[in-house]
Amino acid sequence: MNEILKQSEHHRVSELVVNWHLTEACNYRCKYCYASWIKPAESSAIWRNKNKTDQFLKSLKEYFDSTNDANPLTKDLHWSGLRLSLAGGEPMLLGDRFKDIVETASELGFKVSLITNGSFLSSETLEWLSPKLCMLGISVDTTQSNTNNLIGRVDTKGNSLSEGCLAKIVRLARQYNPSIKIKINTVVNQSNCNQDLKGLVNILKPEKWKILRVLPVINHNLTISDAQFKDFIELNQSVDTQVYIEDNLDMKDSYLMIDPHGRFYQNSLVQRGVTEYLYSDPILEKGIASAFNQIEFSSAAFCSRYIPNNIQGAAA
Ligand code: SF4
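Reading the values: rules and limits
Residues numbered from 1 in each chain as written. Predicted model: local features only at pLDDT ≥ 70, side-chain atom pairs only at ≥ 80, totals over all residues. Heavy atoms only, no water. Core = buried A, V, L, I, M, F, W, Y, C linked by side-chain atoms within 4.5 Å. Buried < 20%, exposed > 50% of the residue type's maximum accessible area, 1.4 Å probe, protein only. Contact = heavy atoms within 4.5 Å. Phe/Tyr/Trp six-rings, centres within 6.5 Å; stacked < 30°, edge-to-face > 60°. Helix = DSSP H or I, 4+ residues; strand = E, 2+ residues; numbered from the N terminus. Near = heavy atom within 4 Å. Nonpolar A, V, L, I, M, F, W, Y, C, P; charged D, E, K, R; others polar. Salt bridge = Lys/Arg side-chain N within 4 Å of Asp/Glu carboxyl O. Expected span 1.5 Å × (residues − 1). Arc of directions from axis to C-beta.

Asks: Sorry if this is basic, but what is going on with the nonpolar core here?
Replies: Nonpolar side chains tend to gather and get buried jointly when the protein is soluble and globular. In terms of nonpolar packing, the biggest core is built from 88 residues, with W20, L60, F64, L86 and L136 touching the most fellow members. Once residues lying within four places of it in the same chain are set aside, the contact partners of F64 are L16, V18, N71, L73, W79, L82, L256, F264, I288 and F292.

Asks: Help me out: how do you make sense of the packing of aromatic side chains in this one?
Replies: What the rule picks out here adds up to 11 aromatic pairs. For the ring pair F64 and F292, a centre distance of 5.4 Å and an interplane angle of 90 degrees mean the geometry is edge-to-face. Taken together, the positions of F64 in helix α2 (residues 50–64) and F292 in helix α10 (residues 288–292) put the pair 228 residues apart, joining distant regions of the chain. On the basis of relative accessibility, which here comes to 0%, the residue F64 falls in the buried class. Plain terms: the ring middles of F297 and F302 are 5.7 Å apart, the flat faces sit at 55 degrees to each other, and that makes the pair tilted. A residue is classified by how much of its surface remains accessible, and F297, at 15% relative accessible area, is buried.

Asks: What am I meant to see in the site of the ligand here?
Replies: Around the ligand, the structure places C26, Y28, R29, C30, C33, G89, N117 and R153. Its residues assigned to classes, the shell around the ligand comprises four nonpolar, two polar and two charged.

Asks: Help me understand the pattern of salt bridges in this model?
Replies: Here the idea is simple: oppositely charged side chains can pair when their charged atoms come close. Tallied over the entire structure, the rule returns 16 salt bridges. Its salt-bridge partner being D54, residue K50 comes within 2.9 Å of it at the nearest N-O pair. A residue pair is termed a helical-turn pair when its members lie 3 or 4 positions apart in one helix, as K50 and D54 do in helix α2 at four residues. Residues K58 and E62 are paired through a salt bridge, measuring 3.4 Å at the closest nitrogen-oxygen approach. Of this pair, K58 and E62 both sit in helix α2, separated by four residues, roughly a single helical turn. You can call K58 partly exposed: its relative accessible area is 45%.

Asks: Help me understand the environment of E124, please; the structure alone is not making it clear to me.
Replies: Inspection of the secondary structure assignment puts E124 in helix α4 (residues 123–129). Along the chain, E124 and R12 lie 112 residues apart, while their C-alpha atoms are 38 Å from each other.

Asks: Mind showing me how you'd approach helix α6 (residues 163–176) here?
Replies: Turn by turn, an α-helix covers 3.6 residues, leaving residues three or four places apart pointing in a common direction. In a regular helix each residue adds 1.5 Å, so 14 residues correspond to 20 Å; α6 covers 20 Å between its end C-alpha atoms and thus fits that length. If you check which residues of α6 are buried, you get L166, I169, V170, L172 and A173. Down the axis of α6, the buried side of the element spans an arc of 165 degrees, and every buried residue falls inside it. Turning to α6, the residues buried within the fold contact α4, β6 (135–139), β7 (181–188) and α7 (198–204).

Right under this line is the structure:
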């Protein structure tokens, strides 16, 4: 009886996702950007040192391996695969170090995915990168250049990705890796909340379209009301893909996140107002078990983010 109860309380998911934000640096300047972390004294970003990076990745792999009973997460969450999601800032700005991190993580047995603004995805890069990724995530809020300018989603020359560029990137990624999954992340904010992106999504046909409400972490730039977020969802319903909607509170404690300095961090305080991140001690200094114990993480909230939702007509 107790065993049945225990099993029913156990959350199940096919893979656990650890998000490592490699760097704050980015060639874009989105006004709502969340990629800003308080720097600890006397510490530089992990990626700068190959030995540290290798040790760090090994530590993550061992600790979050599904067979590691010493990880307290295994008490209420069951997973089989382990995915490392590389994010930033813009991870591809790191050049050869980024490549080395992708290769090392793959060799250690992680499935690897990437969130990028897409501006460095040349044909040559995609040929190398696509076979190493299980998922390519591209952040796209709009394809209108004036809106990208308002958001700050442009490089120093004012360039952003057009619909044609995005379509080419997606086509090449699938050509070089037919099993790759494409994800589009859209942050709904004051500048794009009236836009209909169905046409773009139906052209790109991502396996996943994630719609996030701009989060008032760091600042209130471009934040929107409940009604504006709801209107965007209604305007963009009936696309031919799986849609995942995240309002601000859905993001609370539902991600496993690590900052560039190798600390777990969490948005446990998130409400509707500006809030700051909470940090663990650096993983390499205090040990991963001790650092993980210092942050909140909700298995239930994590699992609920992987259930497609809420837009009528989304594929099952
Ligand atoms: S593309 Fe991403 S990392 Fe770069 S500024 Fe925009 S939100 Fe921040």
